[in-house]
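Observations on the model geometry
Here are the chains, one letter per residue:
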Amino acid sequence: RIVNVLTDVEDVDKQWCGIKGTICENFVTENLQDIKDRTFYLCGPPAMVASLKKMLTEGLCVQTDKIISENFMGY
């Protein structure tokens, strides 16, 4: 399951009906069950990826081997 979240909707179609805001611990716990058994794939700007890794490992106690990440630069 993929959940798309937009942080800045000013640059997209005003008819966006999906989730708006930032991904935080509450967002993850409200949208996923069995968090510690999941594998997370993170892709985006380096600062976002680092922030999400920290939130997952420190805030939600996800093991680092359950996180796959990729920095996407140049957009």
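Residues numbered from 1 in each chain as written. Predicted model: local features only at pLDDT ≥ 70, side-chain atom pairs only at ≥ 80, totals over all residues. Heavy atoms only, no water.

**Quick look at the confidence of the model for the protein**
- This prediction gives the protein a mean pLDDT of 88; 93% of its residues lie at or above 70.
- By mean pLDDT, the top-scoring element of the protein is strand β4 (residues 67-71) (96), and the lowest-scoring one is strand β1 (residues 5-6) (83). (pLDDT = per-residue confidence, 0-100. Helix = DSSP H or I, 4+ residues; strand = E, 2+ residues; numbered from the N terminus.)

**What to know about the nonpolar core**
- V28, F40, L42, M55, L56, L60 and V62 are the most contacted members of the largest nonpolar core, which has 13 residues in total.
- Mapped by element, the contributors of at least two residues to this core are α1 (25-31), β3 (40-44) and α2 (46-59).
- The biggest single contributor to this core is α2, with four residues.
- With residues near it in sequence (within four places) discarded, V28 still touches I23, I35, F40, M55 and L60. (Core = buried A, V, L, I, M, F, W, Y, C linked by side-chain atoms within 4.5 Å. Buried < 20%, exposed > 50% of the residue type's maximum accessible area, 1.4 Å probe, protein only. Contact = heavy atoms within 4.5 Å.)

**Let's talk about unusual backbone geometry**
- In the Ramachandran plot, D34 falls in the positive-phi region, its phi being about 50 degrees despite a non-glycine side chain.
- Assessed through its relative accessible area of 54%, D34 is described here as exposed.

**Points about the layout of surface pockets**
- Its boundaries defined by the atoms lining it, the largest pocket holds a volume of some 940 Å³.
- Together, 26 residues line the largest pocket, and V3, I23, F27, Y41 and L42 are the ones closest to its centre.
- Contributing elements (two or more residues each) for the lining of the largest pocket: β1, α1, β3 and α2.
- Here the lining of the largest pocket takes five residues from α2, the largest share from any one element.
- Considered class by class, the residues forming the lining of the largest pocket number 16 nonpolar, eight polar and two charged. (1 Å grid on protein atoms, 1.4 Å probe; cavity = no way out; pocket = protein on both sides within 12 Å on 5 of 7 lines; lining within 4 Å. Points joined across faces, edges and corners; volume = space filled by probe spheres on them. Nonpolar A, V, L, I, M, F, W, Y, C, P; charged D, E, K, R; others polar.)

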